[in-house]
Amino acid sequence: MLKLRKPIVIGLAVFLAIYAALSLAIVVDGLTDRGGRSDVAIVLGSKVYPSGRASPSLRARLDRALDVYRTGRVRAVIVSGGTGVEGFDEAQVMKAYLMARGVPDQAILQDSAGVTTRATARNSAVLMRRHGWRTAMVVTQYFHVSRTTLALRQAGVSVNATAHARLFELRDLYSIPREVVGYGVYLVR
């Protein structure tokens, strides 16, 4: 009986070590902002509260987009999200947030059908082609950068820069391992 348990314990230890290494790789990739200028920043949606106010994670993403826009690293911003259970269109809330902080209406494109990372990637590719944009900057939470970049590249978008939202939450302890699985799923599909 003891001989049977040892391979299981070793297998589990190897699995956990690989999973931890992949989690670390996603964190390091997401925290390492890359690139200089891009044609457009693509900002992925997140929760909107029942009051219509952006959640801290969404505000952090939008504040980072404001930073890259104001410093001239992008000419325009695509805000992408869907309508959550609270009944608010994330993309509409995102656009209003940016406009209230001085980003002109014509510099913001709204994708209200970005209900998943993959949908955002496909929709952003269409918007970029329509406007003649060639390069994109990913703006999202650090743990989401790798999968978003992968999805955009799979959709034919040239991602030449990333900028992570500057926010850390306890929920990240759930989100990081989830992204390992998500990245694997996106990689094979």
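Coordinates for the structure precede this section.
Cut-offs applied
- Residues numbered from 1 in each chain as written.
- Predicted model: local features only at pLDDT ≥ 70, side-chain atom pairs only at ≥ 80, totals over all residues.
- Heavy atoms only, no water.
- 1 Å grid on protein atoms, 1.4 Å probe; cavity = no way out; pocket = protein on both sides within 12 Å on 5 of 7 lines; lining within 4 Å.
- Points joined across faces, edges and corners; volume = space filled by probe spheres on them.
- Helix = DSSP H or I, 4+ residues; strand = E, 2+ residues; numbered from the N terminus.
- Nonpolar A, V, L, I, M, F, W, Y, C, P; charged D, E, K, R; others polar.
- Buried < 20%, exposed > 50% of the residue type's maximum accessible area, 1.4 Å probe, protein only.
- Contact = heavy atoms within 4.5 Å.
- Pairing = 2+ DSSP bridges.
- Axes fitted to C-alpha atoms, helices over the stretch in contact; angles between N-to-C directions.
- Core = buried A, V, L, I, M, F, W, Y, C linked by side-chain atoms within 4.5 Å.
- Right-handed = clockwise from strand over helix to strand, strands pointing away.
- Polar contact = N/O pair within 3.5 Å; in protein donor to acceptor, adjacent residues only side chain to side chain.
- Phe/Tyr/Trp six-rings, centres within 6.5 Å; stacked < 30°, edge-to-face > 60°.
- Lys NZ or Arg CZ within 6 Å of the ring centre and 35° of its normal.

A. The layout of surface pockets, seen in detail. Space inside the largest pocket adds up to approximately 790 Å³. Around the largest pocket, the lining is made up of 35 residues, and of these Gly45, Ser46, Lys47, Arg61 and Arg171 lie nearest the centre. Breaking the lining of the largest pocket down by element, the ones donating at least two residues are α2 (56-70), α4 (117-131) and α6 (172-188). Partitioning the lining of the largest pocket into residue classes produces 10 nonpolar, 16 polar and 9 charged.

B. Highlighting helix α5 (residues 145-154). Across the 10 residues of α5, 8 count as buried, placing the element largely inside the fold. Following α5 by one or two positions, glycine 156 adopts a phi angle in the positive range, close to 95°.

C. Quick peek at the side chain of aspartate 172. Here aspartate 172 lies in helix α6. Excluding residues within four positions of it along the chain, aspartate 172 makes contact with Tyr142, Phe143, Leu167 and Pro177.

D. Just the sheet that holds strand β3 (residues 108-111), in detail. The 5 strands are arranged β3-β2-β1-β4-β5 in an open sheet whose pairing can be described as parallel. The outermost strands of the open sheet, each flanked by one partner alone, are β3 and β5 (158-164). When the angles between neighbouring strand axes are averaged without regard to direction, this sheet yields 25°. Where strand β4 (residues 135-140) and β5 come together, 6 bridges link them in parallel fashion. Looking at the pairing, threonine 140 lines up with histidine 164 of β5.

E. Local environment of the nonpolar core. Val43, Leu62, Val79, Leu98, Met137 and Val139 are the most contacted members of the largest nonpolar core, which has 24 residues in total. Taken together, the elements giving at least two residues each to this core come down to β1 (40-44), α2, β2 (76-80), α3 (90-100), β4 and β5. Those residues in contact with valine 139 that sit more than four places away from it in its chain are Ala41, Ile42, Val43, Leu44, Arg61, Arg64, Ala65 and Ala163. Among the nonpolar cores identified, the runner-up in size contains 19 residues, and Ala125, Leu152, Val159 and Tyr186 belong to it.

F. Spatial organisation of the pairing of β5. Counting buried positions along β5 gives 5 out of 7 residues, so the element sits mostly inside the fold. As for the winding sense of the linkage, the β-α-β connection from β4 through α5 to β5 is right-handed.

G. Looking closely at the environment of arginine 75. Assignment of secondary structure puts arginine 75 in the loop between α2 and β2. Considering only alpha carbons, one finds arginine 75 and aspartate 39, 36 residues apart in sequence, at a separation of 5.6 Å. Sequence-distant contacts of arginine 75, defined by excluding residues within four places in its chain, comprise Ser38, Asp39, Tyr69, Ala107 and Trp133. In terms of polar contacts, arginine 75 uses its side chain to reach the side chain of aspartate 39, at 2.9 Å.

H. Fine view of the packing of aromatic side chains. Tallying each qualifying case throughout the model produces 3 aromatic pairs. Consider the rings of phenylalanine 15 and tyrosine 19, whose centres lie 5.7 Å apart with planes at 35°: the pair is tilted. With phenylalanine 15 and tyrosine 19 both in helix α1 (residues 2-31) and 4 residues apart, the pair spans about one turn of that helix. Between tyrosine 142 and phenylalanine 143 the ring centres are 5.4 Å apart and the planes differ by 75°, which places this aromatic pair in the edge-to-face class. Here tyrosine 142 falls in the buried class, since its relative accessible area comes to 4%. Classification of phenylalanine 143 as buried rests on a relative accessible area of 10%. Counting every residue linked through ring pairs, the aromatic cluster contains Tyr142, Phe143 and Phe168. Note that arginine 101 overlies the ring of tyrosine 97, its terminal NZ or CZ placed 3.5 Å from the centroid.

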